[in-house]
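What the coordinates show
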Amino acid sequence: MDAFSASLMADKREIVFAPTVYKFQTFAQMAEEFKLGERDVVLTNEFIYTPFMKELGLKCNFVFQEKFGAGEPSEAMIQTMYDAIPYDSYDRVIAVGGGAIMDLCKLLGCKRPDTVHNLYFKRFPVVHEKDVIAIPTTCGTGSECTNISVAIVKDEKDGVLTGGETKLGLVSDDIIPNKVCLIPDLLKTLPYKPFACSAIDALVHATESFLSPHRKTMTSELFSEKAMDMILKGFKLIDEKGKDARFEYLDEFVTASFYAGIAFLKAGCGPVHGMSFPLGGTYHVPHGESNYMLFGAIMDYYDANKPDGEIMKFKELVARILGCEVKDAIPEMNALLQRILPLRPLRDCGFTEADFKIFPQSVETNQQRLMTNAYYPFDLESEEAIYRKCY
Ligand SMILES: NC(=O)c1ccc[n+]([C@@H]2O[C@H](COP(=O)([O-])OP(=O)(O)OC[C@H]3O[C@@H](n4cnc5c(N)ncnc54)[C@H](O)[C@@H]3O)[C@@H](O)[C@H]2O)c1
Ligand SMILES: [Fe+2]
């Protein structure tokens, strides 16, 4: 077992709900409950602010993430954010957005580091100082309840910069948000593709924590089962009635992704995330989509190599939800996902012949935290075979 998993196992506590949890119909109700005012900084996107917050005339300091650059958080983006939001200008942090915004806000709640790089490479301590209220506007990452903040940082080996970049998770219980507000209304403007990618990401969180061989907890199975049930039922609804049917089910989707976040907080994600991280780092494939590209093939690999045990329980569960035979559960689930969002092959995102060797090496070197959480073990050869299958 890798050192990260071992330290998690040594910690006997199980965090179920670290934050206090609220559900509101509208952002206005949330603003009233929390008496949002001038000492609150709200990090969001302008296209979320305009329809949901502008007309409320609140005195908060609204800051738009797009001012700092597009895409996933990077060292440069975080530094620009620190410069734009002076530390003594706010008492509370309100995150209204997808996983990227919630991860940025977790940092705003902490003592400012000497450099962002030192923070991510653990040379500066994570110290919680200001309350963070997390309000997700996608239905995937579960970041609103997790102790991780992910960023693309300058890579280093033995303390020396390599010249490359890598995706790293800063892990500390000090960055779990203090409050979570679920407001399904805010997902109404989320376009279909990021909606589908994020919902599939949540399904992957639930599945990987359900199959987690060492780190399953007393409650993780409970939360992953419920999350899978809600998400797959939502996908069936969209399959039967069309894309707009999601609007009548947004409450369930945003709640399910929160449940999946609770499930993986300790039980952990696994190889779907481990093998997709280089895709995000190298080809900037969005997080949910990069997981989706590998999910079906990894489930097939598990089923072929160790068909009994937890995966049998998983198949029984999926068969019950989809109304099919147990033996057909994984192919039926893959076919349903394909109808929800056509699967892009790896070659579509720039994956090259050389990557069949480079990616497994990178996974073995950098993603042990996730790979040791595999339901059935991987090696360089099986990883290459999965990438080839998804090519
Ligand atoms: N901390 C964690 O536990 C954790 C776990 C998994 C992933 N992550 C991180 O989360 C990020 C991915 O999060 P995500 O999938 O939510 O994507 P995202 O935050 O990148 O959002 C996806 C896209 O949808 C847009 N968007 C979000 N909400 C919207 C809304 N209501 N209306 C219109 N557009 C909207 C965003 O601007 C963005 O373009 C990555 O940076 C990933 O590394 C963190
Ligand atoms: Fe994820």
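All figures in this text were calculated on a predicted structure; none of them were measured in a lab.

**Section: the UniProt feature "domain: Fe-containing alcohol dehydrogenase-like C-terminal" (unreviewed entry) in the chain**
With numbering aligned to this structure, UniProt lists the feature "domain: Fe-containing alcohol dehydrogenase-like C-terminal" (unreviewed entry) at residues 196-390. The span residues 196-390 is 71% helix and 0% strand, and its two end C-alpha atoms sit 19 Å from each other.

**Re the domain arrangement of the chain**
Per the domain assignment, the segments making up the chain are domain 1 (12-184) and domain 2 (191-389). Taking the mean C-alpha position of each, domain 1 and domain 2 sit 25 Å from one another. On the side of domain 2, 27 residues touch domain 1, which itself brings 25 residues to the contact. Where domain 1 abuts domain 2, roughly 2400 Å² becomes buried across the two surfaces, and 64% of that area is made up of carbon and sulfur atoms. A per-residue breakdown of the area domain 1 buries against domain 2 is headed by Glu-14, Cys-139 and Lys-167, which together make up 26% of the total. When the shortest N-O distance is used, the salt bridge between Asp-251 and Lys-23 registers 2.6 Å. Of all elements in the fold, only strand 1 (20-23), strand 6 (148-157) and strand 8 (179-182) reach the threshold of two or more residues within the side of domain 1 that touches domain 2. Looking at the side of domain 1 that touches domain 2 residue by residue, the class counts come to 12 nonpolar, six polar and seven charged.

**Looking at the coordination of the iron ion (ligand 2)**
Distances from the iron ion (ligand 2) to its protein donors, Asp-201 (OD), His-205 (NE2), His-273 (NE2) and His-287 (NE2), fall within 2.1 to 2.2 Å. Each of the four donor atoms around the iron ion (ligand 2) contributes to a set of angles spanning 88 to 163 degrees, which defines the coordination as irregular. Here the donor residues for the iron ion (ligand 2) map to a single chain with the spacing D-x3-H-x67-H-x13-H. Highlighted residues: Asp-201 in helix 7 (residues 192-210) and His-287 in helix 11 (residues 287-305), separated in sequence by 86 residues. For the residue pair Asp-201 and His-287, the accessibility class agrees, reading buried in each case.

About the thresholds
Think of each chain on its own: its residues are numbered from 1, step by step along the sequence as written. Chains carry letters from A onward and ligands carry numbers from 1 onward, assigned in written order. Selection of residues for local features in this predicted model requires a pLDDT of at least 70, selection of side-chain atom pairs for listing and counting requires 80 or more, and totals for whole chains, interfaces and linings are taken over all residues. Hydrogens and water molecules were not included; the side-chain quantities draw on all heavy atoms of the structure. UniProt positions are given in the numbering used here, feature names are shortened, and annotations may be inferred rather than shown by experiment. Helix and strand labels come from DSSP, where a helix needs a run of H or I of at least four residues and a strand needs a run of E of at least two; each type is numbered from the N terminus. Domain delimitation in this document rests on an assignment produced automatically or drawn from a domain database. Contact criterion: two residues are considered in contact whenever any of their non-hydrogen atoms come within 4.5 Å of each other. Summed over both partners, the accessible area (1.4 Å probe) lost when two parts come together is defined as the buried area. Here a salt bridge means any side-chain nitrogen of Lys or Arg lying within 4 Å of a carboxyl oxygen belonging to Asp or Glu. Gly is put with the polar residues, along with every residue not named as nonpolar or charged; the nonpolar set is Ala, Val, Leu, Ile, Met, Phe, Trp, Tyr, Cys and Pro, and the charged set is Asp, Glu, Lys and Arg. Metal donors: N, O and S atoms at distances within 2.8 Å, or within 3.2 Å for Na, K and Ca, with water omitted from the atom set so that some sites may seem incomplete. Only four donors with every angle between 85 and 135 degrees are called tetrahedral; only four or six donors with opposite donors over 155 degrees apart and all others between 65 and 115 are called square planar or octahedral, in that order; all others are irregular. Burial status follows relative accessibility: with a 1.4 Å probe on protein chains alone, a residue under 20% of its type maximum counts as buried, one over 50% as exposed, and anything between as partly exposed.

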